[in-house]
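# Observations on the model geometry
Here are the chains, one letter per residue:
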Amino acid sequence: MERIRVEASREYDVIIGGGVLSSVGERLRALVKGRSAAIFADDITFALFGTAVKESLQASGFSTVEYVIPHGESSKSAENYIAMLNFLAENKLMRSDSVIALGGGVVGDLTGFVAASFLRGTAFVQIPTTLLSAVDSSVGGKTAINLRAGKNLAGAFYQPCLCLCDTDIIKSLPDTIFADGMAEVIKYGAIRSTRILELIGTDVRENLDEIIAECVRIKRDIVNEDEFDTGLRQLLNFGHTPAHAIEKLSGFRVSHGSAVAAGMCIMSRAAERAGICKDNVSDELARMCERFGLPTSSEFSAEEMAEVAMSDKKRSAGGITLVVPVKRGESALLKVPDSEVLTFFSTGADTK
Ligand code: GLY
């Protein structure tokens, strides 16, 4: 079992290991005064793990209520957000009580925003059930819902008081969902860790505890330094600028992990061809993506991706900040003026 301490505006532990789900009651009891807990999950995660979470909480003296949403991105809505706040109010939860997110990124982001705003902030536990949420969205306190105009347009920085990553759950995921998370694992290797790049070449399900812990340590270090995403944290967006464009252009038919994989390959080819990256990282990244059935290019043109990227909420005056590999296991931020974004994407989109 690994215990990683995040020292952001709230300090908390990320506990990583097989079977840690059943310790939620005992661990939460040591952290909060209230003895009521609301469990938010989707239909799949509640059916699989809801009973274990309830039993652990009840055995530690918590009374529990549960609210189940349909699985899928469309649940990350303003309607569900309001319904969940009303559910907490109707069940008379107090600020000293707790809110538990049992699920992947949709449940975690939505529940986190509910916890951030209910009574101006209620204790919140993340229990990620996908590899993607284990290594990325459950750590670092970004919470959000989608608006009609786009994904994650309303939200708050709100850290959990505990994150429990049960690797027995993550190991049992079907290949396609596992692969989606592997795109984010590859991202951590490319931005900060040759050790992760080595581990990706091994039996990853066998070495999962170490892989997740290594990713979480990197995210922890970055969040400790730049919790509110004003600089360094943007490194975590490697591949994400083209990825967000691909997701949007596909009407969200392309999964986040697949889009990130294609985006990372585009950015690494562009960085090499522009002479920014001296090592040949793009072939290795492409091989890693292929190994997990992830794409290495996009069905959309550089023009289409650049147009969407230029309208992105993260665009600042005069250009966009891209993340580019500078050598194996190391990436940097690069401010690209508007006039060069298309050239950059065209160079990277070309696979020949
Ligand atoms: N998912 C990127 C971040 O947490 O900043």
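Before reading further, recall that the structure is shown in the block above.
Residues numbered from 1 in each chain as written. Predicted model: local features only at pLDDT ≥ 70, side-chain atom pairs only at ≥ 80, totals over all residues. Heavy atoms only, no water.

### What about the sheet that holds strand E3 (residues 36–42)?
The strand order across the open sheet built from 7 strands is E1-E2-E9-E6-E5-E3-E4, with neighbouring strands paired in mixed fashion. Here the strands that pair on one side only, and so sit at the sheet edges, are strand E1 (2–7) and strand E4 (63–69). The sheet shows a mean angle of 15° between the axes of neighbouring strands, taken without regard to direction. Sheet analysis places strand E2 (residues 11–17) next to strand E9 (residues 162–166), joined by 5 bridges and oriented parallel. Considered in E9, the bridge of valine 14 is made with cysteine 163. (Pairing = 2+ DSSP bridges. Helix = DSSP H or I, 4+ residues; strand = E, 2+ residues; numbered from the N terminus. Axes fitted to C-alpha atoms, helices over the stretch in contact; angles between N-to-C directions.)

### Details of the pattern of salt bridges
Side chains carrying opposite charge are able to pair once their charged atoms draw close together. By the definition in use, this model includes 21 salt bridges. Linking lysine 187 and aspartate 136 is a salt bridge whose minimum nitrogen-to-oxygen distance equals 3.9 Å. Of this pair, lysine 187 sits in helix H7 (residues 175–192) while aspartate 136 sits in helix H5 (residues 131–137), and the two are 51 residues apart along the sequence. The exposure classification of lysine 187 matches that of aspartate 136, with both residues buried. For aspartate 221, the salt bridge goes to arginine 220, with nearest N and O atoms at 2.7 Å. For aspartate 221, a relative accessible area of 35% translates into the label partly exposed. A residue is classified by how much of its surface remains accessible, and arginine 220, at 17% relative accessible area, is buried. (Salt bridge = Lys/Arg side-chain N within 4 Å of Asp/Glu carboxyl O. Buried < 20%, exposed > 50% of the residue type's maximum accessible area, 1.4 Å probe, protein only.)

### As for the environment of alanine 286
Along the chain, the position of alanine 286 falls in helix H12 (residues 281–291). The sequence separation of alanine 286 and cysteine 265 amounts to 21 residues, and the corresponding C-alpha distance is 6.3 Å. Those residues in contact with alanine 286, other than ones at most four positions away along the chain, are Cys265 and Thr296. (Contact = heavy atoms within 4.5 Å.)

### Here we look at the packing of aromatic side chains
Enumeration over the complete set of coordinates arrives at 6 aromatic pairs. Considering the side-chain rings of tyrosine 81 and phenylalanine 113, the 4.5 Å spacing of their centres and the 10° angle between planes classify their relative orientation as stacked. Remark: phenylalanine 113 occurs in helix H4 (residues 105–117) and tyrosine 81 occurs in helix H3 (residues 78–90); sequence separation between them is 32 residues. With respect to burial, tyrosine 81 and phenylalanine 113 carry one shared label: buried. Through a chain of ring-to-ring contacts, the aromatic side chains of Phe40, Tyr67 and Phe87 assemble into a single cluster. Positioned above the aromatic ring of phenylalanine 62, the side-chain terminus of arginine 35 is 5.3 Å from the ring centre. The ring of phenylalanine 178 carries the charged tip of arginine 205 above its face, separated from the ring centre by 4.1 Å. (Phe/Tyr/Trp six-rings, centres within 6.5 Å; stacked < 30°, edge-to-face > 60°. Lys NZ or Arg CZ within 6 Å of the ring centre and 35° of its normal.)

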